[in-house]
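A structural walkthrough
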Amino acid sequence: MSTTPRVVIIGAGIVGANLADELTQRGWEQVTVLDQGPLPLTGGSTSHAPGLVFQTNASKTMTGFATYTVEKLLGLDVDGASCFNQVGGLEVATTPERLADLHRRQGWATSWGVPGEVVGPGECARLHPLLDLDQVLGGFHTPTDGLAKAARAVEALIRRAESRGASFRGSTRVVGINHEAGRVTGVRTDDGDVPADIVVSCAGFWGRELGKLVGMRVPLLPLAHQYVRTGQVAEIAGNTIEARLPILRHQDRDLYYREHHDCIGIGSYAHRPMPVRMSELPEVGDVGESAMPSMLPFTEDDFAPSWEDSKQLLPSLRRAKVETGFNGIFSFTPDGGPLIGESPDVAGFWIAEAVWVTHSAGVARAVAQLLVDGRSEIELHGCDVARFDEIETTDAYVDETSQRNFVEVYDVLHPLQPRLSPRDLRVSPFHDRQRELGAVFLESHGWERPHWFEANAPLVDELPAEWRPPARDAWSAMFHSPIAAAEAWKTRTAVALYDMTALKRLEVAGPGALAFLEGLTTGKMDKSVGAVTYTLMLDAAGGIRSDLTVARLGAELFQVGANGNLDLDHLRRLAPADVQVRDITGATCCIGVWGPKARALVQPLTSDDFSNDGLKYFRAQRAHIAGIPVTAMRLSYVGELGWEIYTSAEYGRKLWDVLWAAGREHGVIAAGRAAFNSLRLEKGYRSWGADMTREHNPYEAGLGFAVRPQKGEFVGRSALEGISADTVTRRLTCLTVDDGRSVVLGHEPVFVDGEPAGYVTSAAFGHTVGRPIAYAWLPAVEVGTSVEIQYFDRRVRATVAAEPLVDPEMTRIRR
């Protein structure tokens with residue numbers, strides 16, 4: 001009798017079929033796959049997918065998913081017919097801006113290990129002879145991209161999974177999810193119940209409705225996307241092979257192309273967003289290649305401009321016409337990423353939704369690894385459904401942001417580019433005061449976050465010569481201002497107020513709180529009340545799940561500075577009955593008061609002792625500032641004397657006003673995230689999610705000091721045995737740019753001895769040290785080693801530097 005769990009997968013498309021294959025490959029043979037449509041062509045998005053697979057993405061994770069999908073589909077066939085046609089991919093530029101972006105994309109490909117090169121117009125025309133040479137400035141060619149035969153792959157995967165014991169049932173509608181005592185027990189269908197220990201929804205654009213069956217918000221929006229086929233194109237007439245030419249993207253006009261024998265298929269994102277209401281879809285009945293619920297009637301007027309653009313790029317289309325077309329449904333999300341994870345309320349109910357064919361096998365493997373091993377080999381924080389805060393899962397937010405992502409899907413987007421709407425969803429109590437100071441806000445998880453203040457513009461003219469930043473190139477100058485240099489200068493020489501309200505704050509309380517945190521973190525939690533500890537949460541393999549700042553405010557009360565909703569979700573899932581975990585972010589606020597004059601500003605406002613002896617570094621105390629109850633923590637992410645000062649949101653504006661008024665005589669300024677990021681890199685302070693993830697262990701990330709194995713057992717402890725800073729073969733490495741002016745932004749490849757060896761994580765201009773800084777994952781190399789960073793189409797020389805770059809003795813922060 002099998003001892004593996006009973007798994008029911010809802011959805012027999014490319015994701016569900018892949019998941020059944022991945023699970024059965026790992027020995028889980030009790031797998032049942034249900035689909036409301038007939039098999040193998042079920043009528044979902046897979047059934048009409050054009051199949052273009054472009055692997056390169058700004059995300060290392062998404063590129064990894066795509067690369068695995070290519071590898072897997074290349075090894076699949078149905079009766080000798082391949083499931084992947086590796087014709088290569090070509091993305092063309094018709095504007096200088098797009099050509100520059102293609103160089104950036106080629107850098108991502110190099111960083112993530114995908115072969116590709118930027119080629120000139122002539123080579124573009126050689127690769128794809130239908131192109132008008134006069135229209136094209138260049139292209140990015142990736143020889144390993146190609147066409148997935150998604151429907152054929154599903155058939156191959158079904159056969160293989162069934163041979164290992166899986167069962168597939170078509171024409172079976174799921175009408176409910178059975179669960180008891182907070183755990184899934186089975187699936188209700190229109191043909192009876194199917195018992196299950198684990199249920200995984202791989203239902204694509206139907207996933208939102210399935211989530212509702214367990215009260216789970218699945219933040220995706222079904223949208224229609226146009227696809228047409230032309231009639232015969234004379235230049236490829238007689239083509240007996242389905243496709244020979246590379247798949248083609250014309251992102252300047254939101255278009256892509258592929259061959260269908262002697263016809264051309266054209267997909268367009270150039271039209272208006274067309275959200276689809278599930279109640280308006282026809283019932284799943286007979287499904288054929290041209291009739292299925294996921295294929296809506298073609299709206300010709302929406303495609304008309306794209307047809308004209310297509311005839312310009314591919315002149316041979318001028319003698320052809322559009323023969324067929326449809327508006328095909330697929331899923332978009334608020335940030336464009338897939339949705340992977342378990343329901344927070346019903347254990348055992350999982351989702352793998354909003355997954356395109358391009359990433360299907362990679363996502364399925366990751367989910368299988370999560371279920372079988374408890375850990376994916378590919379980092380998933382950007383895909384975990386728990387990454388969204390509550391406001392980001394509401395229907396109004398999902399609908400608006402997903403439609404915007406559709407519009408921008410092929411746009412050249414800057415890494416700092418904020419969404420235009422919705423805005424002002426979450427603001428700190430100081431927001432009005434910041435507006436008065438000319439704050440320039442960017443946005444994160446709905447929070448308005450000042451990046452610099454126009455009120456500080458006059459300070460730029462006062463900067464000493466050594467603090468004056470060099471001019472930037474046009475790309476790195478976007479969403480930046482030289483005012484950041486003035487704000488960094490004032491932080492280092494006087495005092496500045498930083499709004500830290502948007503950072504996630506959790507309260508962990510109860511009789512079991514101490515033991516709970518001791519078992520989850522690498523640092524010692526059993527310290528005196530008032531102690532603050534920088535610590536890590538690891539997974540079982542020793543990877544860094546998060547870094548936390550934990551303040552013990554009472555015998556059974558802790559405040560946890562976390563990285564986001566993923567940490568809240570993780571702690572809530574694991575908390576025992578005698579521990580309560582609360583998100584207190586919105587109910588509180590925080591001002592970072594930092595700089596050599598911070599004590600001169602704060603001490604006169606309080607009778608509590610803020611001296612060095614009275615409140616030591618990494619200690620916290622409850623106090624009153626001008627009568628306002630606060631919690632002050634002697635921490636500094638910028639490397640200067642000061643405190644994070646917390647209070648209830650109701651007192652926030654008053655606290656700001658009091659500190660501002662008292663600081664005037666000390667030259668106080670408000671400072672933003674641009675200066676903050678520069679200062680934290682000068683101190684070597686890491687940012688989880690950018691600089692390190694579960695792919696990295698603490699010693700590789702330079703955080704071994706936060707690990708206390710002698711304290712006893714904690715998650716990941718055994719995995720770290722025998723590992724030290726001396727034994728690791730790769731490290732998060734500090735680089736300074738030799739020319740003193742070239743600012744990179746992240747994800748650029750780094751070359752050692754002329755060969756690609758790693759990639760940049762975080763970067764900024766170091767205003768104190770007077771040169772750009774970049775952190776990068778590299779093989780363990782010596783300080784002083786010369787490397788090169790690829791920035792667009794040029795190489796920038798940099799040097800491995802000892803860290804931290806500023807105040808390694810920590811005298812400034814401890815005075």
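Structure shown above.
Computed from a predicted model, the values in this text were never measured in an experiment.

Here we take up the overall build of the protein. Looking only at helices and strands, the protein has 20 helices and 42 strands in total. Taken against the 2.2 N^0.38 rule, which gives 28 Å for 815 residues, the C-alpha radius of gyration of the protein at 28 Å falls within 12% of a compact globule. Along the first, second and third principal axes, the C-alpha set of the protein runs to 85 × 65 × 50 Å. Looking at the protein residue by residue over its 815 residues, the buried ones come to 59%.

Here we take up the packing of helix α1 (residues 14-25) against helix α6 (residues 150-163). Remark: α1 packs on α6, axes separated minimally by 9 Å, with the N-to-C direction vectors making an angle of 30 degrees. Looking at the two axes, α1 sits roughly parallel to α6. Handedness of the α1/α6 crossing: left-handed. Contacts from Ile14, Ala17, Asn18, Ala20, Asp21 and Thr24 in α1 reach Ala150, Ala153, Val154, Leu157, Arg160 and Ala161 in α6. A class-by-class count of the residues in the contact of α1 with α6 yields 8 nonpolar, 2 polar and 2 charged.

Glancing now at the packing of aromatic side chains. Evaluated as defined, the whole model comprises 25 aromatic pairs. Aromatic pair Tyr269 and Tyr410: ring centres 5.1 Å apart, planes at 75 degrees, arrangement edge-to-face. Taken as a pair, Tyr269 in the loop between β19 (263-268) and β20 (295-296) and Tyr410 in the loop between α10 (395-407) and α11 (431-436) lie far apart in primary sequence, 141 residues in all. Taken individually, Tyr269 and Tyr410 each receive the classification buried, so the pair is uniform in this respect. Within the aromatic cluster, the residues linked to one another by ring pairs are Tyr227, Tyr256, Tyr269, Phe326, Phe330, Phe332, Trp356, Phe406 and Tyr410. Here Arg795 stacks its cationic end above the ring of Phe751, 3.6 Å away from the centre of that ring.

What follows covers the nonpolar core. If you look at the biggest cluster of nonpolar residues, it comprises 48 residues, and the most contacted ones within it are Ile9, Leu19, Leu23, Phe65 and Val200. Mapped onto this core, the elements with two or more residues apiece are β1 (7-10), α1, β2 (31-34), α3 (60-74), α6, β15 (198-201), β23 (349-353) and α9 (360-373). Broken down by element, the residue count for this core peaks at 7 residues, all from α6. Not counting the four nearest positions on each side in its chain, Leu19 is found in contact with Ile9, Val200, Cys202, Ala364, Val367 and Ala368.

The subject of this paragraph is the sheet that holds strand β41 (residues 786-791). Taken together, 6 strands build a closed barrel; the order of strands is β37-β40-β39-β38-β41-β42 and the barrel is antiparallel. Pairs of neighbouring strands in the sheet enclose a mean axial angle of 40 degrees, with direction left out of account. Alignment of strand β38 (residues 749-752) against strand β39 (residues 755-766), held across 4 bridges, turns out to be antiparallel. Across the sheet, the residue bridging to Pro749 is Tyr759, located in β39. Across the face of the sheet, helix α19 (residues 673-682) comes into contact with β39 and β40 (771-779) while running at roughly 125 degrees to β39.

Summarising the sheet, strand β12 (residues 174-180) and strand β13 (residues 183-189) pair through 6 bridges and their orientation is antiparallel. Opposite His179, over in β13, you have Val184 as the bridge partner. If you look at the hairpin formed by β12 and β13, you'll find 2 residues sitting between the two strands, and Ala181 has a positive phi there, around 55 degrees.

Below, the discussion takes up the pattern of salt bridges. What the rule picks out here adds up to 56 salt bridges. Between Arg375 and Asp539 there is a salt bridge, with its nearest N and O atoms 2.5 Å apart. With Arg375 in the loop between α9 and α10 and Asp539 in the loop between β28 (532-538) and β29 (544-554), the pair connects residues that are 164 residues apart, well separated along the chain. Among the residues examined, Arg375 registers a relative accessible area of 28% and is labelled partly exposed. For the salt bridge of Arg653 with Asp432, the shortest nitrogen-to-oxygen distance reads 3.5 Å. On the criterion of sequence distance, the pair formed by Arg653 in helix α18 (residues 652-663) and Asp432 in helix α11 is long-range, its members being 221 residues apart. Here the residues in one salt-bridge network are Asp21, Glu22, Arg26, Lys72, Arg160 and Arg164, joined through shared partners.

Quick look at the state of the cysteines now. This model, assessed by the stated rule, comprises 0 disulfides. The cysteine Cys383 is free of any disulfide, with Cys202 supplying the nearest cysteine sulfur at 14 Å. On the basis of relative accessible area, Cys383 is assigned to the buried category, the value being 2%. Cysteine Cys590 shares no disulfide, and the gap to the nearest cysteine sulfur, in Cys589, comes to 7.7 Å. Accessibility expressed as a relative area gives 1% for Cys590, which makes it buried.

Side-chain direction in a regular strand flips from residue to residue, so the side chains alternate between the two faces of the sheet. Across the 11 residues of β29, 10 count as buried, placing the element largely inside the fold. Of the pairings in the sheet, the one linking β28 to β29 comprises 7 bridges and is antiparallel in character. Bridge pairing links Tyr534 to Thr549 in β29. Following β28, the chain reverses through 5 residues before pairing antiparallel with β29; Gly542 in that reversal takes a positive phi of roughly 90 degrees. Bridge analysis of β29 against strand β30 (residues 557-561) gives 5 bridges, and the strand direction is antiparallel. Bridge pairing in β30 places Ala551 opposite Gln559. Hairpin remark: β29 followed by β30, antiparallel, with 2 residues in the connecting loop.

Cut-off values and rules
- Residues numbered from 1 in each chain as written.
- Predicted model: local features only at pLDDT ≥ 70, side-chain atom pairs only at ≥ 80, totals over all residues.
- Heavy atoms only, no water.
- Helix = DSSP H or I, 4+ residues; strand = E, 2+ residues; numbered from the N terminus.
- Rg over C-alpha atoms; globule rule 2.2 N^0.38 Å.
- Buried < 20%, exposed > 50% of the residue type's maximum accessible area, 1.4 Å probe, protein only.
- Axes fitted to C-alpha atoms, helices over the stretch in contact; angles between N-to-C directions.
- Parallel < 35°, antiparallel > 145°, perpendicular 65-115°, else oblique.
- Left-handed = near helix turned anticlockwise from the far one by under 90°.
- Contact = heavy atoms within 4.5 Å.
- Nonpolar A, V, L, I, M, F, W, Y, C, P; charged D, E, K, R; others polar.
- Phe/Tyr/Trp six-rings, centres within 6.5 Å; stacked < 30°, edge-to-face > 60°.
- Lys NZ or Arg CZ within 6 Å of the ring centre and 35° of its normal.
- Core = buried A, V, L, I, M, F, W, Y, C linked by side-chain atoms within 4.5 Å.
- Pairing = 2+ DSSP bridges.
- Salt bridge = Lys/Arg side-chain N within 4 Å of Asp/Glu carboxyl O.
- Disulfide = S-S within 2.5 Å.

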